[in-house]
Structure formats: C-alpha cells, structure tokens
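What the coordinates show
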Amino acid sequence: MAESPHRAAGRRLQLPLLCLLLQGATAILFAVFVRYNHETDAALWHWGNHSNADNEFYFRYPSFQDVHVMVFVGFGFLMAFLQRYGFSSLGFTFLLAAFALQWSTLIQGFLHARHGGHICVGVESMINADFCAGAVLISFGAVLGKAGPAQLLLLALLETVLFGVNEFVLLSLLGVKDAGGSMTIHTFGAYFGLVLSRVLYRPQLEKSKHRQGSVYHSDLFAMIGTIFLWVFWPSFNSAPTTLGDGQHRTVLHTYYSLTASTLGTFALSALVGEHGRLDMVHIQNAVLAGGVVVGTAGEMMLTPFGALAAGFLAGSVSTLGYKFFTPILEAKFKVQDTCGVHNLHGMPGVLGALLGVLVAGLATHEAYGEGLDSVFPLIAAGQRTASSQAMHQLFGLLVTLMFASVGGGLGGILLRLPFLDSPPDSQCYEDQVYWEDNQMLVHS
Amino acid sequence: MAESPHRAAGRRLQLPLLCLLLQGATAILFAVFVRYNHETDAALWHWGNHSNADNEFYFRYPSFQDVHVMVFVGFGFLMAFLQRYGFSSLGFTFLLAAFALQWSTLIQGFLHARHGGHICVGVESMINADFCAGAVLISFGAVLGKAGPAQLLLLALLETVLFGVNEFVLLSLLGVKDAGGSMTIHTFGAYFGLVLSRVLYRPQLEKSKHRQGSVYHSDLFAMIGTIFLWVFWPSFNSAPTTLGDGQHRTVLHTYYSLTASTLGTFALSALVGEHGRLDMVHIQNAVLAGGVVVGTAGEMMLTPFGALAAGFLAGSVSTLGYKFFTPILEAKFKVQDTCGVHNLHGMPGVLGALLGVLVAGLATHEAYGEGLDSVFPLIAAGQRTASSQAMHQLFGLLVTLMFASVGGGLGGILLRLPFLDSPPDSQCYEDQVYWEDNQMLVHS
Amino acid sequence: MAESPHRAAGRRLQLPLLCLLLQGATAILFAVFVRYNHETDAALWHWGNHSNADNEFYFRYPSFQDVHVMVFVGFGFLMAFLQRYGFSSLGFTFLLAAFALQWSTLIQGFLHARHGGHICVGVESMINADFCAGAVLISFGAVLGKAGPAQLLLLALLETVLFGVNEFVLLSLLGVKDAGGSMTIHTFGAYFGLVLSRVLYRPQLEKSKHRQGSVYHSDLFAMIGTIFLWVFWPSFNSAPTTLGDGQHRTVLHTYYSLTASTLGTFALSALVGEHGRLDMVHIQNAVLAGGVVVGTAGEMMLTPFGALAAGFLAGSVSTLGYKFFTPILEAKFKVQDTCGVHNLHGMPGVLGALLGVLVAGLATHEAYGEGLDSVFPLIAAGQRTASSQAMHQLFGLLVTLMFASVGGGLGGILLRLPFLDSPPDSQCYEDQVYWEDNQMLVHS
C-alpha cells in the first residue's frame, strides 16, 4: 500500500520479463534436446511389438498422479496457514513448481538420461521432475513470506541445478539408494532453505509479527495440504522404486510409519502443550515426519515394526523441534524458518538417511534373496559389502548437506542482489504487496 | 477456559500416556507377529519368478489410495461442519484412524490371515485396516463434540476388536458376501455409535446448542469431505472384491447408485424444505447414501437399473431421516446423533443388507455363468442354494446389529469411567477445550 | 427474502417434480436398454476365459477417477469463488452433473454403443458420461448465479442431447480426432453457454453487482478447484485415448502444456496488472488453458516443445481475455459471462482445435510408424491424406460451433419460459434464494 512508484515499476517488469525469459529459454532447449522416449513415441513403441500392458505408464502413472497432488495441493495448502498470505502461498507454489518441472526435466535429462545427445521423457522423468519441485518448495517454506516471486524464480533456477547435480552424485556416482528422497529431497531442500534463510536474516522482522500467525480458517485450509500429503505419501516414496515387491513394500512401510508419527505427534504435542492442549502447528506438520523418515529405507527390508519405530521417533522429534528448537534457531542461529522445515524435513530427513545407513548395513542375501539385485545391485554383484554400502549411504548424506549449504549460501547472495525486489520488513507475510486487492476489501 | 486445574492436569497426562501405551503395545505386537506377505517380501516375491505385473499391488493400489483419501479427507472434512469444532473433527479423525490402522492390522490379522503364527501384510490388509478405521469414524460421528480424544482412543481400541470379530463371523464363518461393507462397516459403525450415544445421553446438552450448528464457510469445508467421499465411493465398494469383472461391475453400480441418491436427495430436500429451499445438511450427507446401499449387492448382478433404484431409495430415505427422524431420535429415544449417522449409514446400511439378501436370493447359474464361483463360491460349489445364501445374508445383518449394540453399550460404559476426561455439557462442540487457542484469537 | 408466496410455492414444486420426473424417466430407460458390457458382466467375462489383467478396468479406471474428481471437485470449487453463492455453485454442480451422467449414458449409448438394441456400459462409457457432464458445467459457468436449479436441469437435458449428437457427428461420421475434447467439450460447452447467456441478457444486473465478486476465503476455496483441475488434467486428456503410447504421450503433452500456460499466465497477469500486481482471477482460470489447448492434439505427435509453445500461447491469450475481452463481451456483445468461460474454454478450445488441424496436417508415416493406425486409422488405411484429415478436423470445429450456437439459443428460449422460476436481477449470485438460511445467520 505505502509503496514507492519506483518499486512498483520495478516489479511490474521484473516478474513478467523473468517469466518470459525463462519460458523462452526452456522452450528453446526443449526444441533442441527433448524427445519422446520409447514408451511415448508412436513409432518406437509400435516398432517393438510390445503389449500395451507393458508400458511403464500403467505401473507408475497412478503413483505419479498422487505425487503431483502432493506437490501442488499438498505443499500449496500446507503453506496457506498464514492469515494474509494464502494467495501468495498457493500462487507462488504454482509458479515455482511449474517452472521447476520444465527446468529440472532439462537439468536431470542432461545429467541422467542422454540418449544420442537427447533427453528422452516419459512418466519416470515426470516423477523425477516433480521430486525436484518438491525440494524447491521445501526451501520456499523456509523463506515463505519474505521473498518476492521474481526472487523465488531465480532461486528455483539455481536450486534445480544443484538438486540435479547432488542427486546425480548420490545415485549415479556413489551408488546410494534414496528412492523417496530422505537425502536428495528433504535434507537437501531443508538445509538449502535454512542456509538461505540465515543469509537473508531480517533482524526487524517483528514488524510483521502480527501477520505471521494463522487464524482459525487458515488453519483449516492448511489441513487440506496436510491430509493430502499424509494420504499420498506412500505413493511418493514408492513412485520411483523397482517394480513389484519394491513398490509394494515401500508403500507398506510408509503407511505404517505415518500412523506411528501421527500417534507420536499427538502424544508429544499434548505432553508439552499448555494445560495438555494440542497445537495445530504440530498436527499440520509433524504427523508427516513418518513419510520423510522412511524415504531412504522404505525400499529396503525395514520390516513393519521398523517402520513403526522410525515413524514414532520422527513424529516425536519433529514435534519437539517445533516446540523447543524453532525459537532457538531464530534467537541463537538467526534462522527464521517460517514453515519449520527444519522440523518437518531437516531432522526427519537426516534421521531417514541414518536409518538407510543402518538398514543397508544389515542387508543379507538371506533377507533379500533374489531380490537383492533390485534393491542393492552392487552388493548382489559382489562389488560391495553391506558395510560398504552403508558407508556410501552415510557419505551421501554428507555430500547432500554440503551441496545444500553451498547452494543455500549462493541462493542468499543471489537474492540479496539490490535490483531484486524484496518486501520490506513491515510488508512480509502480506498478500497485498503482490495481488490486486479487489478481493481483499470485504474480509480485511 | 473455565476449567479446573485438576481436569487440565488429568488431560495433560491422559492423552499422551494413552498414545504412548497404545503405540508401544502395537509396536511390540508388530515386532512379534507381523511379517511381509509373499508380495511385499523381497526374497519370497523373487523366489516365485513372478512377473511384476502380477503383483496384487497393481490391481488394488489405486483403489486403496482412493479409500485412504475417503477415510482421512472425506470423513475428516465432512465432520468439520461444526463452526467451532473443525480442529477436533480433523485432528481426532487423524488420531483415531491412525491408531485403528495399526490395531486392526493386528486384530484382523489374528482372526483372518495367520500363516505359521504370523500376520502377513500387503495391500489387501491395508484396505481392510482402512475399512475398520471407516467404521470407527462412523461411530465417532454419532458422539462428535461430546467425547475427548483419550475417550475416543479407548473407544477405537474396543470397536476395532468387535469390528474384526463381527467381520470374521460374517465373512469367514457364515460365508456372507459384503465387499463394500453395508453390514460390516456402515450398519455396524452406525448402530455402535447410536447405542453409544444413547448410553452417553446428556439431558443438558442445549447448553452447547449455539455451537452445534454450522456457519457458511464451515459448510463449505464440509463439502470437501462430501465430494471426495462421493467421487471415490466406487473405489471403496470395489477395493476388496474379486478382480476383473467383479471390481469393474461394483464400480459401475456404485457410480450410478450415487447419481440417483443425489437426485433423490435434491428432490426430497426441496420438497420438505421451507419455501422449497434446499438444506445443506441433506446435500452434504444424503447424496452419499447411494454408496452405502450398494455396499453388499454391488459385486452381484444387481443390474444398472437396480443400482439406480436402490440409490434413489437410499437418498430419499436418508433425506427424510434428517428432516423427520433425527428430532424424534433425540426426543423419544434419547439418542443425540451429532452427524446423523443413522440417516447416512444406519438406515442405508440396513437397506443395503436387505438388497443383498434380495439379489443373492435371485442368483442363478444363467446370470453369473462361470463367474458364479467368484461371487458366490458356496452356491457354485453346490453347498448352498441361492435362497440359503439369502438367509445367511439376512442372518449376517442380525449378527451385525447384535455385535454393534453390545459393542456400543460396552463402549458407553467404558467412556463413563469417572477418571476419563469428558467435556462438560457447556463445553461440547468446542475446540478450545483441546487446542491451544493462539490460532483462535482473531476469528472468535 | 422479499419473495412472493406464489414464486416460493412454484419453486417448491418445480425442482422436486422435475428431479422425480427425470429420475423416473432415466430409470425406466435404463431398465429397458442398459446392460453390462462384456467386461462388467459375470457370465460374459468368464466365458471368454480372459486374464483379469486384460480387463479394460485396469487400464482406464485410475484416469477415470481423476476425471471424476475434476468434474465434481474441480468444477464445483472453481465456481465457489462467488462470496455468497458457494452452496449453489457446489450444490448445483452436483445436481447437474449427477443427472448428466445418467442421461448422457443413454444419449451416447443410443448413438454410439448399441449392441442388439442395448446400451452396454463399463468404464469407457463412464468416462464419456463424465465428459458430457464437464461440457454441461462449462455452460453452467457462463450463467452462474443467474438461473435456478430447475432451469439448469432442463438445460442439462437439452445440452446432453446436443453434446451427444455433435460428438457423434465429429468422431463417428467425420472421423475427427478429439480425445481430450478441445472441440467436443470445451468449445462446445463454452459457446453453448455464451449464446445462452446472450439470450438471457439482463440489462439491470448491476443490481447484484455487490455480490458478484469474491472475498478472500472464497478465492481460497476456488483454488481447491483450480489445483485439482490442473493436477488431474493429464488424466482428462488421456482417459479415452488408445492404450499404451497414446495415453502415455497425451499425459506428457498435457503436463508440459500446463506448466507453460502457468508461466504465461503469471507473466501476462503481472504485466497488465495495476502496479504489476497479479490478479487471482487469472491464476484461478488461465493457468488451466494449457490443458484445454492440447485436448485435440495431445494424442498426436505434438512434441514436448509443441506442448510448451501451445500452453504458453493459451495461458497468455486466456489472461488477456480476462483483462480486456470480458468487459467488451458484456458491453458490446451483451454476454454476461460469470466465470469467464470464453477465456478459459472458448478461445483455448478453438486454439486447440486449430492446433489439431495443424498437427494432423503434418502427420507422416515416418513420425508415427506402425502407431499411425492407432492415432489416424483413416490415414493409415489409405482412405485419407494428412491434409484431408486436417480439413476434416477444421470442419469439425465449424460443426461444433454451429451445434453449440443453435443449442445455446434453444436453451435460452427454454429458460425464458415464463413458468420457470428465474431469480430476479436483485437476487442473482445469492444462496439465500435456494438454501435454508439457518447456516447463513452467523456469517452474513
């Protein structure tokens, strides 16, 4: 409202030009590099004389759709808890994720799937692109309300590259297993966002404090996000695993882990709450930690009991994080973590990586039988022992933390570029800065 | 707000300790008894040299996910119609259902699926666990706003056991067909809840009357629940049926039955409404009766016309129930049925059971051909006539009503235990009793 | 509120009687004509000795469910943006779509799928019925808030017939390809609604202007509709295509097209917005234009780049339409288009049809290989050249515009019948006319 004409004019051009520039660039790169894979190309598919039932589409599309709902409905509404930032939470989620899907198709394609110089796309590349968008949105959660859309698009541009490189190092160079992305998505996205938030630290942010909380109905909107994330998380972790028992087992673990993180969250939330009351922030977030924590080990022979134990631990740690660690993070470490991504994605992601180290280290030929080749091909081929695989998993976590920190730092420097339009401390968490206010007259 | 310190301290410990105790107990039982089945175990699956496409996962997982959405999104938001009880409706749905998924895995596993003393889990056991959670949430609907979370958890503990036993008696001992659970889920859950509500009758409940209704936006939130339940109900009824034509036919019947219950609901709601106006309560609930009423007969050769007729009847009866029978139920029978589960699940469930009696009694070898073996294996094997199957179906309904009534009575006695924290009459339907009120300051 | 007793009495009978009459008629027609197809009939399916995995159900049901969500959740909530018309938007969507599903099963069945005088139903006919419901809801969007439920039901009665005839002419007589319905659904539904709105022009509509806009939380509810439409649109376009590469490729195109229309929408919305601000109306609607524009060409070899280009164009055109063309449409052409269906379905639908002309005209045996037979069977059989197919596609667009205009005109005449209850100019966009107001006391 109390904005200078110069700032408004700057924004008027920044966002449209950046959108046009980025869309133009990805379109050209698509024209040059992106091609159908053998399952989406009419000639290639029919040349092979396949049965239609063999098309990868039928094995992965239902899971893909669930993941797609999680990225756009789940993350979008979960971040709509802020009382005056619902339009931006939902809108910028849309913008960032849509761009990330295109851009990560290119980045991941260049790194992983080059066939004769081309990037070949199908349902698997779509799942991977959605995963990258998920990581970008996790980082977005750490700076929610404190950065404008043009800044966020540049951030997505940078983070998608680093996400792709990190994932390539882990999965292709180190031979690390991480189907559901405890490391590549959650740990990476969270620490990228936290370092970013540290670099962008705003000492005067209490000027916007009155807008930082939720109101009754914004919390109900956020629950739309929570519940769809919770319900579809089994599809998230299992979408890219090996077919058959791999997908089936991952779904089972995630399902049970989430039930246990839910019970852990309610237990701890009531235990630490004033007069034993529950805190809606915990319910909205920490119940999901059970999905994060089995992102690495979900494909392995974790056992149903293992899933329950891991989920309970993650839900409890996450709840305690919201209660006790978030204030310390701001006061001592100068990290203003709007959505508490450290509690939902950071700590449970690291726990999930460590759980992967443990379960990989316990892998035996007896437990996996002929299935060892699907889950741990390098162990099955005799190129690695289980202990060696565990060490590689642990090293993958360190690599991820390194890439995330460097990336978050670079992102912070990028967003502090003076010509980029950043909301003033008194205008954070406020839709009116970015949205025509005709819709807001009645309610506000 | 006007709460004694003693009560608050009691709750402070009750809920956390109960969560921890129950989670600890199920975790130990999982460790001892629960194992992968041959489709989730790496060694067992690969030993069999199956094609991955044969894994049951690909036949049932999309339906399972829809059921999962119905349980958590559908039931959760449908109950969020209360103006000041949205947090509790969504939150306690989460808590109860999460616990019921674990606990019913064990109960149903002990009764049904014991292999060498072990409970073997996969997508089918997950569907069955979700079904039990559905029944628990139906009962929850009858006492919504009148019981605290610790009470509700104990209720789920009891109801899950009785649900499992009733289902076992019907499906395994009596050879009754009830894929979509008109009897085992809807009739059982509704009458369990109604008897429970009778035992917990509160003569002074009008003290909370001003909070018992909805407001404009809480009704819109409830419609999220309604629509997802309506849309996914075909998956609910078909999730556990025989593969191939069985699932396909069940989906078809449910789809058409729901369209007819919707038209019936609109017709009757406008007919009985003041000045011909529609009542949102009817639309939110009675449109769903078409899904309930084909829960038993949906797998049978009901015919598309039969689905329309049954759906129309169920939607009409349900609407009339909300208008005329709910007040009588409270005034004459002292049953305070918050969500009207008698109208949505009780009467349509009984109708559905009777429809199953009728359609089973009409089964012929001509109509089912070789498919008779899938739908009515005992008739196909010559062990029963169609009339005998119909009699068994009817007996199954009586057994269900008996188990539900006894269970609801036991549940009522359990919840009246004096040390269990029950909200006073003046604090029913009120989130502030259970939730930190920082989020409620602005709106209330 | 200030309603004459006569009007109220008229409505009291109109809606219930019409519902009962229509339901009775379709039920009788179902009894006479509708039968199981060979995949839903127990005897026919088992007679064939098929593998259950071959049942069409497993290839199309996940996509069908997504389409079903789009029709009821997507369209319903998208239209709930009006501040005082949320009950009607959601409720009438339910009523119209439920009736359309039954009625279009009959109409499309009579035209397409008659086997021995019978209509045989299964998942494919369910998808087609949902598509017809989608077209009816698009037309509903053009007159949203200005017609009562009995009027709308009669409209659905008429439109379903014309939809079926138009689709039959295009797909069966002209051999036009239009899997995702750029022509048959979007262009048809939009221009039907626009002509209808022209005939029903209300010069005094500004009397209800204060209710025509949204408020903050009604815009958030609308975003539920937007996001589910956006996320599931790939399933919409691919649900009825040929199996295998056809479905897979269509999903891929729709996915990328939507990302580009999202970037285009944000770019143009900020460019034309006051002070560079974004307009929530654009985000709610124009981001979806990318799904509409590839409804015809999505099955063809459009290339991923082609999808991006088409999506970007559609999103941009749609945004500019909301900003500049909607006011002209009302001022100059006397078309009051409540939801802006011209911008979301009309222009992008025509663009999509033209894109189909272009891509069909470029079809070669080299590009499609043996798959040419699936996508363009008439070209593969040598009965048509690619240019001839392109001309037929173009002619299909003209036929669609003709049927839509005639249908909308007839619909307008029908709705102006004096005994039909139409809301007065001062009561448009107002739930209280149709809904018991007990729920509205607190909020309004």
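Placed above this text is the structure.
Here's what I pulled together on the structure shown here. Treat the numbers as computed from the prediction; the structure is a model and nothing was measured. (Residues numbered from 1 in each chain as written. Chains lettered and ligands numbered in written order. Predicted model: local features only at pLDDT ≥ 70, side-chain atom pairs only at ≥ 80, totals over all residues. Heavy atoms only, no water.)

**Describing the relation of the copies chain C and chain B**
Definition in use: The fit set for superposing copies consists of C-alpha atoms from residues with pLDDT of at least 70 in both; the fit itself is least squares. By the convention used here, residues are in contact when the closest approach between their heavy atoms is within 4.5 Å.
Superposing chain C onto chain B requires a rotation of 120° together with a translation of 0.0 Å along the rotation axis, leaving an RMSD of 0.0 Å. This pairing of chains is accounted for by a three-fold axis. Residues of chain C ranked by C-alpha distance from the rotation axis are headed by Pro 62 of chain C, positioned 3.7 Å from it. Little of the interface of chain C is mirrored in chain B: 7% of its interface residues are interface residues there too.

**Quick look at the environment of Val 67 of chain C**
All names here are of chain C. Convention followed: The helix and strand labels rest on DSSP assignments: H or I over at least four residues marks a helix, E over at least two residues marks a strand, and numbering proceeds from the N terminus.
Its location among the elements puts Val 67 in helix H3 (residues 57–78). When the C-alpha positions of Val 67 and Met 223 are compared, they lie 17 Å apart, and in sequence the two are 156 residues distant. Setting aside its immediate chain neighbours within four residues, Val 67 contacts Asp 130, Phe 131, Ser 235, Phe 236 and Ala 239.

**Focus: the interface of chain C and chain B**
Formally: The buried area of a pairing is the accessible area, by a 1.4 Å probe, that goes missing from both parts when the two are put together, added over both. Salt bridge, as used here, is a side-chain nitrogen of Lys or Arg placed within 4 Å of a carboxyl oxygen of Asp or Glu. Polar contacts, as counted here, are pairs of nitrogen or oxygen atoms within 3.5 Å of one another; within protein the pair requires one atom able to donate a hydrogen and one able to accept it, and residues that are adjacent in sequence qualify only if both atoms are side-chain atoms.
On the side of chain B, 67 residues touch chain C, which itself brings 72 residues to the contact. Across the chain C to chain B interface the summed buried area is about 6300 Å²; carbon plus sulfur atoms make up 72%. Seen at the junction of chain C and chain B, the total is 0 salt bridges. One can count 25 residue pairs in polar contact (both at pLDDT 80 or more) joining chain C with chain B.

**Some remarks on the packing of aromatic side chains**
Rule in force here: Only rings of Phe, Tyr and Trp enter the pairing, Trp through its six-membered ring, and a pair is recorded when the two centres are within 6.5 Å. The plane angle decides the type: under 30 degrees is stacked, over 60 is edge-to-face, the rest tilted. Residue exposure (1.4 Å probe, protein chains only): buried if accessible area is under 20% of the type maximum, exposed if over 50%, otherwise partly exposed.
Considering all chains together, one arrives at 76 aromatic pairs over all chains under this definition. Taking the centre distance of 5.0 Å and the plane angle of 80° together, the rings of Phe 59 of chain A and Tyr 58 of chain B count as edge-to-face. In this pair, Phe 59 of chain A sits in helix H3 (residues 57–78) while Tyr 58 of chain B sits in helix H3 (residues 57–78), so the two residues belong to two different chains. Phe 59 of chain A gets classed as buried once you look at its relative accessible area, which sits at 11%. A relative accessible area of 14% means that Tyr 58 of chain B is categorised as buried. Where Tyr 368 of chain A meets Phe 376 of chain A, the ring centres are 5.7 Å apart and the plane angle is 70°; that geometry is what we call edge-to-face. Since its relative accessible area comes to 1%, Tyr 368 of chain A is described here as buried. Take Phe 376 of chain A: its relative accessible area is 1%, and that puts it in the buried class. The structure contains a cluster of three or more aromatic residues connected by ring pairs, namely Phe 30, Phe 57, Tyr 58, Tyr 61 and Phe 64 of chain A together with Phe 59, Tyr 255 and Tyr 256 of chain C.

**Remarks on unusual backbone geometry**
Not every positive phi belongs to a glycine, and His 275 of chain A is a case in point at roughly 55°. Looking at the secondary structure, you find His 275 of chain A in the loop between helix H10 (245–272) and helix H11 (280–285).

**Focus on a nonpolar patch on the surface**
Operational definition: Residues with no salt bridge and a relative accessible area higher than 30% make up the patches, which join like charges within 9 Å and nonpolar side chains (Val, Leu, Ile, Met, Phe, Trp, Tyr) within 5 Å. Residue exposure ignores everything except the shown protein chains as possible cover, and the areas themselves are Shrake-Rupley values with a 1.4 Å probe.
Nonpolar side chains collect at one region of the surface, where Leu 13, Leu 17 and Leu 20 of chain A together with Leu 271 of chain C lie side by side and expose about 330 Å² of accessible area between them. Looking at the element boundaries, Leu 13 of chain A is found in helix H1 (residues 5–33).

**As for the side chain of Ser 269 of chain B**
All names here are of chain B. Position of Ser 269 relative to the elements: it lies in helix H10 (residues 245–272). Judged by its relative accessible area of 1%, Ser 269 falls in the buried class. Polar side-chain contacts of Ser 269 include one of 2.8 Å to the side chain of His 282. Ignoring any residue separated from it by four or fewer positions in sequence, one finds Ser 269 in contact with Arg 277, Leu 278, Asp 279, His 282 and Thr 319.

**Re the packing of helix H9 (residues 216–238) of chain A against helix H9 (residues 216–238) of chain B**
Counted only if it meets this: Fitted lines through C-alpha atoms give the axes, limited to the stretch in contact for helices. The angle between two N-to-C directions lies from 0 to 180 degrees. Angle categories: roughly parallel below 35 degrees, roughly antiparallel above 145, roughly perpendicular from 65 to 115, and oblique for all the rest. For any pair of crossing helices, the crossing counts as left-handed if the nearer helix is rotated counterclockwise from the farther one by less than a right angle, and right-handed if it is rotated clockwise. Residues are grouped as follows: Ala, Val, Leu, Ile, Met, Phe, Trp, Tyr, Cys and Pro are nonpolar; Asp, Glu, Lys and Arg are charged; all remaining types, including Gly, are polar.
It is the contact of H9 of chain A with H9 of chain B, at a shortest axis distance of 11 Å, that shows an interaxial angle of 15°. Judged on the interaxial angle alone, H9 of chain B and H9 of chain A are roughly parallel. Considering the relative orientation of H9 of chain A and H9 of chain B, their crossing is right-handed. Seen from H9 of chain A, the contacting residues are His 217, Leu 220, Phe 221, Ile 224 and Phe 228 of chain A; seen from H9 of chain B, they are His 217, Phe 221, Ile 224 and Phe 228 of chain B. Partitioned by chemical class, the residues of the contact of H9 of chain A with H9 of chain B number 7 nonpolar, 2 polar and no charged.

**What to know about the interface of chain A and chain B**
Interfaces are often sized by the amount of accessible area the parts lose when they come together. Taken together, the 67 residues of chain A in the interface contact 72 residues of chain B. Each partner contributes to the roughly 6300 Å² buried at the junction of chain A and chain B, and carbon and sulfur atoms together form 72% of this total. On the chain A side of the contact with chain B, Tyr 216, His 248 and Arg 277 of chain A bury the most area, a combined 14% of that side's loss. The interface formed by chain A and chain B holds 0 salt bridges in total. Linking chain A with chain B are 25 residue pairs in polar contact (both at pLDDT 80 or more), by the criterion used here. Listed by contribution, the elements that provide at least two residues to the side of chain A that touches chain B are H3, H9, H10, H11, helix H13 (304–331) and helix H15 (365–368) of chain A. No other element matches the 18 residues that H10 of chain A contributes to the side of chain A that touches chain B. In the side of chain A that touches chain B, the residues fall into 40 nonpolar, 18 polar and 9 charged.

**Thoughts on the pattern of salt bridges**
Counted by the stated rule, this structure contains 18 salt bridges over all chains. Among the salt bridges present, the one from Arg 202 of chain B reaches Asp 425 of chain B, with a minimum N-O distance of 2.7 Å. On the criterion of sequence distance, the pair formed by Arg 202 of chain B in the loop between helix H7 (182–199) and helix H8 (209–212) and Asp 425 of chain B in the segment after helix H18 (386–415) is long-range, its members being 223 residues apart. Overall, Arg 202 of chain B belongs to the buried group, its relative accessible area being 9%. Because the salt bridges share partners, they merge into one network encompassing Glu 56, Arg 60 and Glu 124 of chain A.

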